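# Coordinates in review
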Amino acid sequence: MARDRGQFSLLTQRRFLPFFGAQALGAFNDNLYKNVLVILATFGIGDLTDLDPQLLTNLAGGLFILPYVVLSGIAGQLADRLDKALVLKVVKAAEVLIMGLAGLGFAYRSIELLLAALFLMGVHSTFFAPAKYGLLPQVLRERELVGGNALIEMGTFVAILLGMLGASMLASPGSLTIVSVTVIAVAIAGFLVSLAIPRLAPVAPNLRIDWNPFTSTWANVRAIWRSEERRVGKECR
């Protein structure tokens, strides 16, 4: 019987490494772009808008979070209905287009385009998340799940930190072109890496998608509530 080499051996295997790389690059890009906008708004760099910096910062945060609230139900159903690897690849392809829009926003100093791109990155992350968390149980053995999740969380937080550091270094009027090139290049790299993710069988191929964002999200809330009630009930026994 072969000796288990530990969780880091997953980083040498195709069933895990491309997904790990695509996820880390996405987290880096999200935070680089989002924090560049926040820094520009807070310190008034680049003359992008006359809006109050605090208002713009809150607006940017709200636009990024809004898709999670409205579209999470649909995103979760699509992740179950379709091949999760396909979902991830489509989302990563969309990221390239979104970052292209952000590049236009920087080039034309258009806060409207930049905020639109930020909102679309929130949509991108909303559809990425269910496929991301649902993929691991399909590609990892039960004994590998804890280690695999730990690697994903490690990669995510390191990418977030690097994105924040990168934003602090690049957020100046003279480097907006560099920011544009960077976010587009990282998005392209993430898409190319995602192409190596092996195909997966859908877990619910006959699931009927509820395209109403309000009813699908409310169904998720009810499911979470019932799960929490069962958990509390078990603890009280």
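That block above? That's the structure.
The structure contained in this document is the topic of the report that follows. All figures in this text were calculated on a predicted structure; none of them were measured in a lab.

## Digging into the environment of Ala 107
Following the sequence through the fold, Ala 107 ends up in helix α3 (residues 84-107). Ala 107 sits 69 residues away from Leu 176 along the chain, and the two C-alpha atoms are 7.8 Å apart.

## What about the packing of aromatic side chains?
The tally for this structure, following the rule as stated, stands at three aromatic pairs. Pairing Phe 64 with Tyr 68 gives two aromatic rings, centres 6.2 Å apart and planes at 55°, and the pair type is tilted. Of this pair, Phe 64 and Tyr 68 both sit in helix α2 (residues 53-81), separated by four residues, roughly a single helical turn. Accessibility expressed as a relative area gives 7% for Phe 64, which makes it buried. Looking at Lys 34, its charged tip hangs above the ring of Phe 64, at a distance of 4.4 Å from the centre.

## Things to note about helix α1 (residues 17-43)
An α-helical turn contains 3.6 residues, so any two residues separated by three or four positions project in the same direction. The terminal C-alpha atoms of α1 lie 38 Å apart, and with 27 residues this matches the ideal 39 Å at 1.5 Å per residue to within 8%. Along α1, 21 of the 27 residues are buried, which leaves the element largely enclosed by surrounding structure.

Basis of the calculations
Residues numbered from 1 in each chain as written. Predicted model: local features only at pLDDT ≥ 70, side-chain atom pairs only at ≥ 80, totals over all residues. Heavy atoms only, no water. Helix = DSSP H or I, 4+ residues; strand = E, 2+ residues; numbered from the N terminus. Phe/Tyr/Trp six-rings, centres within 6.5 Å; stacked < 30°, edge-to-face > 60°. Buried < 20%, exposed > 50% of the residue type's maximum accessible area, 1.4 Å probe, protein only. Lys NZ or Arg CZ within 6 Å of the ring centre and 35° of its normal. Expected span 1.5 Å × (residues − 1).

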